[in-house]
Amino acid sequence: MRNALSSHSSQRKTSRAIGISPRLFYSVTTLLLAVNAGLVLLLGMHDDITRLFAPPSTTAISLYETRIADLRTEIDRLNSRQYVRQGDINLQLRDLAQQQEDLAEQQQIVRALNRMAEDLGLTADTPAPLPAASRAVVLAGQNQIGDTASLSLTDIGASLNAMRDENRLAMENLADRARTVSDRINTTLDTIGISATPAMGGPFEPATAVSSTPLTEAANSVAVQLRRFAAARDAATDAPVHRPLTGALRVSSPFGNRQDPFENVTAFHSGIDFAAPTGTGVLSTGAGRVTFAGQKSGYGNLVEIDHGDGIISRYGHLSSILVGEGEEVTTGERIGKVGSTGRSTGPHLHFEIRRAGTPINPDAFLKAGRVLQTIL
């Protein structure tokens, strides 16, 4: 026991000799632990170090999420472009639908003008009808996206433009046809002093501003030429240039100076004599009003028709008269029958044309009638 006490006493002496206090020892140890903990915390908050020490699965998930975000951005961008493209297609479809409506209206106008021309006896080309499936094709394009729709819309637009050009060409041809025929009629009538200018007049007024489209202008141009043709055709129909007999025309005595069959001297013959059997139908060579129907010295039974513009026609030596004074007659209407009344050597028709009371050669009128017949 004495030995143990001696040993313990020796240790306490040694501790005092070293000089380290237990309190100081524990304080230093605590400080070192706190510094180490702070360094570990700072290192853990740094992204690169965290990623470095992160488990492999965590790194893969982060990269995957980044890729998903990039793909979402790309999809949004593509969707935006597609919406823009779809908007352009819709605009094209609306434009094509409007073009088709305009084309249908254009064709209706062309058909109406063609019917008008046909009613006037003028032949013209009729445009092809608008395909019934055309609008269905246009509407079907609304459900198409991408290059296929663009090509389809392009083809449809080209087809509509081609049909529009055909309609325009049909109207131009119709106007040219009416103009050409009118010019030929007017030129022929001019040779006998008959004008086919449409009757127009009225006080002069300044033109008013009127909005119009190329289609309206083209249609108006055709309508003007058709009216001009109608006036020329009517003038040609009513002019005293047509056949005065139902049978063949056989001239037995021409217009002008001749040997008088009764006096046997040279005398002026104011008309043309056409030999024909008694009772042959005599026709009015033009439209007009009967101004005389009866007996006249030298003519025997005579019918006289006023055709306007100072022009009258006479039909003499008739065996019978079928019209009365004041009666309106049309071209080709039967007005009497061939005979040999008055100063005549045999059955024939004395056909005479006078302008302002002066006799003129009827042959010029009959030649004009033959030309007009080939035109009309």
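Definitions and cut-offs
- Residues numbered from 1 in each chain as written.
- Predicted model: local features only at pLDDT ≥ 70, side-chain atom pairs only at ≥ 80, totals over all residues.
- Heavy atoms only, no water.
- Salt bridge = Lys/Arg side-chain N within 4 Å of Asp/Glu carboxyl O.
- Helix = DSSP H or I, 4+ residues; strand = E, 2+ residues; numbered from the N terminus.
- Buried < 20%, exposed > 50% of the residue type's maximum accessible area, 1.4 Å probe, protein only.
- Expected span 1.5 Å × (residues − 1).
- Arc of directions from axis to C-beta.
- Polar contact = N/O pair within 3.5 Å; in protein donor to acceptor, adjacent residues only side chain to side chain.
- pLDDT = per-residue confidence, 0-100.
- Contact = heavy atoms within 4.5 Å.
- Core = buried A, V, L, I, M, F, W, Y, C linked by side-chain atoms within 4.5 Å.

A.B. asks: Which residues make up the pattern of salt bridges, and what values go with them?
C.D. replies: Opposite charge on two side chains lets them pair, provided their charged atoms get close. Counted by the stated rule, this structure contains nine salt bridges. When the shortest N-O distance is used, the salt bridge between Asp273 and Arg258 registers 3.4 Å. Separated by 15 residues along the polypeptide, Asp273 in strand E4 (residues 272-275) and Arg258 in strand E2 (residues 256-259) bring together distant segments of the chain. With a relative accessible area of 23%, Arg258 lands in the partly exposed category. Connected through shared salt-bridge partners, Glu304, Arg314, Glu352 and Arg354 make up one network.

A.B. asks: Describe helix H8 (residues 362-375), listing the residues and the values that go with them.
C.D. replies: Compared with the 20 Å implied by 1.5 Å per residue over 14 residues, the 20 Å span of H8 between its first and last C-alpha is a close match. Looking at H8, one finds that the buried residues are Pro362, Phe365, Leu366, Ala368, Gly369, Leu372 and Ile375. An end-on view of H8 places all buried positions within 165 degrees of arc, on one side of the element. Capping of H8 at its N-terminal end is provided by Asn361; its side-chain oxygen lies 2.9 Å from the backbone amide nitrogen of Asp363.

A.B. asks: Talk me through the confidence of the model for the protein chain; I want residue IDs and the actual numbers.
C.D. replies: With 62% of its residues at a pLDDT of 70 or more, the protein chain shows a mean pLDDT of 76. In the predicted structure, residues 1-18 sits below a pLDDT of 50 and forms zero contacts with residues beyond four places in sequence or in another chain. Of the regions scoring below 50 in pLDDT, residues 130-151 engages in 35 contacts with residues more than four places distant in sequence or in other chains.

A.B. asks: Please set out the nonpolar core residue by residue, giving values where relevant.
C.D. replies: Ranked by internal contacts, the top residues of the largest apolar core, which has 50 residues, are Ile185 and Leu189. Counting residues per element, this core draws most heavily on helix H7 (residues 214-238), at nine residues. The contacts of Leu189, once residues within four sequence positions are left out, are Ile194, Ala196, Ala232, Ala235, Ala236, Ala239 and Leu372.

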